[in-house]
Amino acid sequence: MSEDLEPRAPTEAEALDAYSRTVSAVAAAVTPQVAALRLGQGGGSAVVFDSRSHLVTNAHVVGSAGSGKATFSDGTETHFDVVGRDALSDLAVVRVHGDAPAAAVFGDADKLVVGQLVVAVGNPLGLAGSVTAGVVSALGRALPVRQGRAGRVIENVIQTDAALNPGNSGGALADSTGRVVGINTAVAGFGLGLAVPVNSTTLRIIDTLLADGRVRRAYLGVVGVPAPLPDDVAERTGQRAGLRVVEVVPGGPAHRSGLRAGDLILTVGRTEIHDAQGIQRKLFAEAIDQDLPVTVLRNGAMVDVYAVPSELSAE
């Protein structure tokens, strides 16, 4: 191929223009869908979720408050009521009085890749409609959260270098097409932000908050770490890793079922398990007080047990 036919690399100015156009387009699309929330002495941001004036934010933004005031980017102010909150996912739903702007388009954070452009829209330090841009700097992070004595890990948290400051919490993290793929939740350190991913699990939590105002969870009572399966078992089952039980809570459902420290959990509810988050996905309300089959590898043999998860108490 002659040199004349080789593709020409874009100039620095052309590349910057393309980047700027993308960020500007996302900002224009998403900013109207993000509100500033004020609750007493605190505040944050929220994203319009549906056509019924519901907005999604962080549980830590609303705290224990029942209502507050929302301000949209066009200056419209309105009161809102808290519909529901779930500290163990750091998600909450509020409903504004009257009409809200058109709902944001929500994407799937499970399809993100490291290095992908993301744009954060929120109200940091009280500065409404602020936009910052960066990249997904890591995926699969875990964010420990607590509610009373109950603890949980938010799975697949998005790490980004888009600048986040107090007030960004509850705001939108959008991809280059303007789809909201995360709800900004924390400032982890200088130049580092975290966002709760928007995926099938979090959308299920939001739907539950809309319907019931809270999320009921089942409790099993095991602590484990990911571990590889022995080569012969991996070859036979096609599964490469499971969850090694390191602790069984005395008197808990797992203990009563016969699960033991040292067991390697392969499946829960007939679904392959590779980490603690895999178990969490099986422990929603429908699992409470129901037989839950658990297959473990114990002393080289596969053993089936049936656990009956109890309801997780937030106290």
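Residues numbered from 1 in each chain as written. Predicted model: local features only at pLDDT ≥ 70, side-chain atom pairs only at ≥ 80, totals over all residues. Heavy atoms only, no water.

### Some remarks on the packing of aromatic side chains
And step 1. Evaluation of the coordinates by the stated rule reveals one aromatic pair.
And step 2. Ring geometry for F49 against F106: centres 5.3 Å apart, planes inclined by 65°, an arrangement best described as edge-to-face. With F49 in the loop between strand 2 (42-48) and strand 3 (54-57) and F106 in the loop between strand 6 (91-96) and strand 7 (117-122), the pair connects residues that are 57 residues apart, well separated along the chain. Taken as a pair, F49 and F106 share a single burial class, namely buried.
And step 3. The ring of F284 has R204 lying over it, and the distance from NZ or CZ to the ring centre is 4.3 Å. (Phe/Tyr/Trp six-rings, centres within 6.5 Å; stacked < 30°, edge-to-face > 60°. Helix = DSSP H or I, 4+ residues; strand = E, 2+ residues; numbered from the N terminus. Buried < 20%, exposed > 50% of the residue type's maximum accessible area, 1.4 Å probe, protein only. Lys NZ or Arg CZ within 6 Å of the ring centre and 35° of its normal.)

### Examining the sheet that holds strand 5 (residues 77-86)
And step 1. Ordered in space as 1-2-3-6-5-4, the six strands form a closed barrel in which the pairing is antiparallel. Taken pair by pair, the neighbouring strands of this sheet meet at an average axis angle of 40°, ignoring direction.
And step 2. Inspection of the sheet shows strand 1 (residues 34-39) paired to strand 2 by six bridges, in the antiparallel sense. Residue pairing for strand 2: L39 is matched across the bridge by G42.
And step 3. The strands that helix 3 (residues 200-212) touches are strand 3, strand 5 and strand 6; relative to strand 6, the one it contacts most, it runs at about 45°. (Pairing = 2+ DSSP bridges. Axes fitted to C-alpha atoms, helices over the stretch in contact; angles between N-to-C directions. Contact = heavy atoms within 4.5 Å.)

### Quick notes on the confidence of the model for the protein
And step 1. Predicted confidence across the protein gives a mean pLDDT of 88, with 90% of residues reaching 70 or more.
And step 2. When pLDDT is averaged over each element of the protein, strand 3 comes out on top at 98 and strand 9 (residues 150-160) at the bottom at 74. (pLDDT = per-residue confidence, 0-100.)

### What about the nonpolar core?
And step 1. In this structure, V30, V47, L91, F106, V180 and I183 are the most contacted members of the largest nonpolar core, which totals 29 residues.
And step 2. Looking at this core, the elements that each hand over two or more residues are helix 1 (12-30), strand 6, strand 7, strand 9, strand 10 (172-174), strand 11 (180-189), strand 12 (192-197) and helix 3.
And step 3. With sequence-adjacent residues up to four places away left out, V180 is seen in contact with V47, A104, V105, F106, G107, A172, L173, A174 and V198.
And step 4. A218, L220, L292 and V294 belong to the second largest nonpolar core, which has 19 residues in total. (Core = buried A, V, L, I, M, F, W, Y, C linked by side-chain atoms within 4.5 Å.)

### Regarding the pairing of strand 19 (residues 301-307)
And step 1. In terms of strand pairing, strand 18 (residues 292-298) meets strand 19 through seven bridges, oriented antiparallel. Among the inter-strand pairings, L292 is bridged to a residue of strand 19, identified as A307.
And step 2. Taken together, strand 18 and the strand that follows it, strand 19, pair antiparallel across an intervening segment of two residues, in which N299 is found at a positive phi of about 55°.

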